[in-house]
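Breakdown of the fold
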Amino acid sequence: RKEVEQDPGPFNVPEGATVAFNCTYSNSASQSFFWYRQDCRKEPKLLMSVYSSGNEDGRFTAQLNRASQYISLLIRDSKLSDSATYLCVVNSRGTDSWGKLQFGAGTQVVVTP
Amino acid sequence: EAGVAQSPRYKIIEKRQSVAFWCNPISGHATLYWYQQILGQGPKLLIQFQNNGVVDDSQLPKDRFSAERLKGVDSTLKIQPAKLEDSAVYLCASSPARAGAGELFFGEGSRLTVL
């Protein structure tokens with residue numbers, strides 16, 4: 001089983017609509033969580049961190065469910081510029097204190113006019 | 001502020017040849033990472049440095065891959081000999097803090113094609 005799993009999509013979303021997708025992780029000891037965005041043929045960039053209480057950044061809302069070991073990302077009022085691959089990232093802390101950031105394979109979102 | 005610099009951007013080699021990639025992290029960032037991203041997959045950590053020490057190289061194929069970070073600043077990743085399955089984008093990233101404590105800043109990547 002992969003440590004971080006995502007639905008690859010693509011999620012085809014009409015402009016202005018809402019889209020949501022999840023990411024599951026296998027290591028119950030994971031301590032920090034992030035969503036990164038990666039545009040086609042570009043490098044990943046941090047979109048937002050995911051806090052235990054859930055957090056919102058403009059049209060983006062991230063949630064963490066530790067009991068079921070998943071995080072989610074919701075995008076409201078989708079824009080054409082939201083078209084990208086969204087990477088789920090989990091810090092799987094090992095026996096040392098450094099931690100290892102594990103990336104999922106990404107969920108592709110395509111926003112259509 | 002200058003971002004993470006990587007070179008070369010593109011490299012095409014034949015299998016069994018060698019290749020080296022260079023990375024210069026953001027000034028002051030103590031942690032440096034090399035990731036391999038195969039088309040359609042997420043980035044996979046190859047090696048993580050804290051200053052000039054290795055803190056994680058568990059997924060580095062040490063029979064053909066090597067990396068160093070002399071003086072705790074820039075870093076090189078070498079592949080020798082290359083295999084077809086090494087075709088990927090090699091991403092260098094840096095952060096001012098330990099993994100999981102903050103944001104990773106990625107370079108534009110070095111795209112390797114092995115023929």
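No experiment lies behind these values; they were computed from the predicted model shown.

The secondary structure content of chain B amounts to zero helices and eleven strands. Helices (α) and strands (β) of chain B occur, in sequence order from the N terminus, as β-β-β-β-β-β-β-β-β-β-β. The C-alpha atoms of chain B give 13 Å as radius of gyration, which agrees with the globular expectation for 115 residues (13 Å, within 12%). By its C-alpha atoms, chain B is 35 × 25 × 25 Å across when sized along the principal axes. Classification of the 115 residues of chain B by burial places 47% in the buried group.

Right, let's talk about the sheet that holds strand E3 (residues 19-24) of chain B for a bit. Residues and elements named next belong to chain B. The strand order across the open sheet built from four strands is E1-E3-E8-E7, with neighbouring strands paired in antiparallel fashion. A single partner strand is all that each edge strand has here, and the edge strands are strand E1 (5-7) and strand E7 (65-68). Direction aside, the axes of adjacent strands within the sheet are offset by 15 degrees on average. Pairing of E7 with strand E8 (residues 75-79), which is carried by four bridges, proceeds in the antiparallel orientation. Considered in E8, the bridge of Glu68 is made with Thr76.

What follows concerns unusual backbone geometry. Pro10 of chain A follows Gly9 of chain A through a cis peptide bond whose omega is 5 degrees. By secondary structure assignment, the location of Pro10 of chain A is in the loop between strand E1 (4-6) and strand E2 (11-14). Going from Ser7 of chain B to Pro8 of chain B, the amide bond is cis rather than trans, its omega being -10 degrees. Mapped onto the elements, Pro8 of chain B comes out in the loop between E1 and strand E2 (10-13). For Arg41 of chain A, which is not glycine, the phi dihedral falls at a positive 65 degrees. With respect to the element layout, Arg41 of chain A can be found in the loop between strand E4 (32-38) and strand E5 (45-50). Its identity as a non-glycine residue notwithstanding, Arg16 of chain B has a phi of 80 degrees, on the positive side. Residue position: Arg16 of chain B is located in the loop between E2 and E3.

Once that is clear, we can look at the packing of aromatic side chains. Applying the stated rule across the entire model yields twelve aromatic pairs over all chains. Ring centres 5.2 Å apart and planes at 75 degrees place the aromatic pair Phe103 of chain A and Tyr35 of chain B in the edge-to-face group. With Phe103 of chain A in strand E10 (residues 101-103) and Tyr35 of chain B in strand E4 (residues 31-37), this pair bridges two chains. Overall, Tyr35 of chain B belongs to the buried group, its relative accessible area being 0%. With 5.3 Å between their ring centres and 20 degrees between their planes, Phe21 of chain B and Tyr90 of chain B make a pair best called stacked. Placement of the pair is Phe21 of chain B in strand E3 and Tyr90 of chain B in strand E9 (residues 88-95), with a sequence separation of 69 residues. We note that Phe21 of chain B, like Tyr90 of chain B, is buried.

For Glu103 of chain B, the location among the structural elements is in the loop between E9 and strand E10 (105-106). Distance from Glu103 of chain B to Ala93 of chain B, taken between C-alpha atoms, is 9.7 Å for residues ten residues apart in sequence. Discounting chain neighbours no more than four positions away, the residues touching Glu103 of chain B are Tyr36 and Leu46 of chain A together with Ser94, Ser95 and Pro96 of chain B.

About the criteria used
- Residues numbered from 1 in each chain as written.
- Chains lettered and ligands numbered in written order.
- Predicted model: local features only at pLDDT ≥ 70, side-chain atom pairs only at ≥ 80, totals over all residues.
- Heavy atoms only, no water.
- Helix = DSSP H or I, 4+ residues; strand = E, 2+ residues; numbered from the N terminus.
- Rg over C-alpha atoms; globule rule 2.2 N^0.38 Å.
- Buried < 20%, exposed > 50% of the residue type's maximum accessible area, 1.4 Å probe, protein only.
- Pairing = 2+ DSSP bridges.
- Axes fitted to C-alpha atoms, helices over the stretch in contact; angles between N-to-C directions.
- Phe/Tyr/Trp six-rings, centres within 6.5 Å; stacked < 30°, edge-to-face > 60°.
- Contact = heavy atoms within 4.5 Å.

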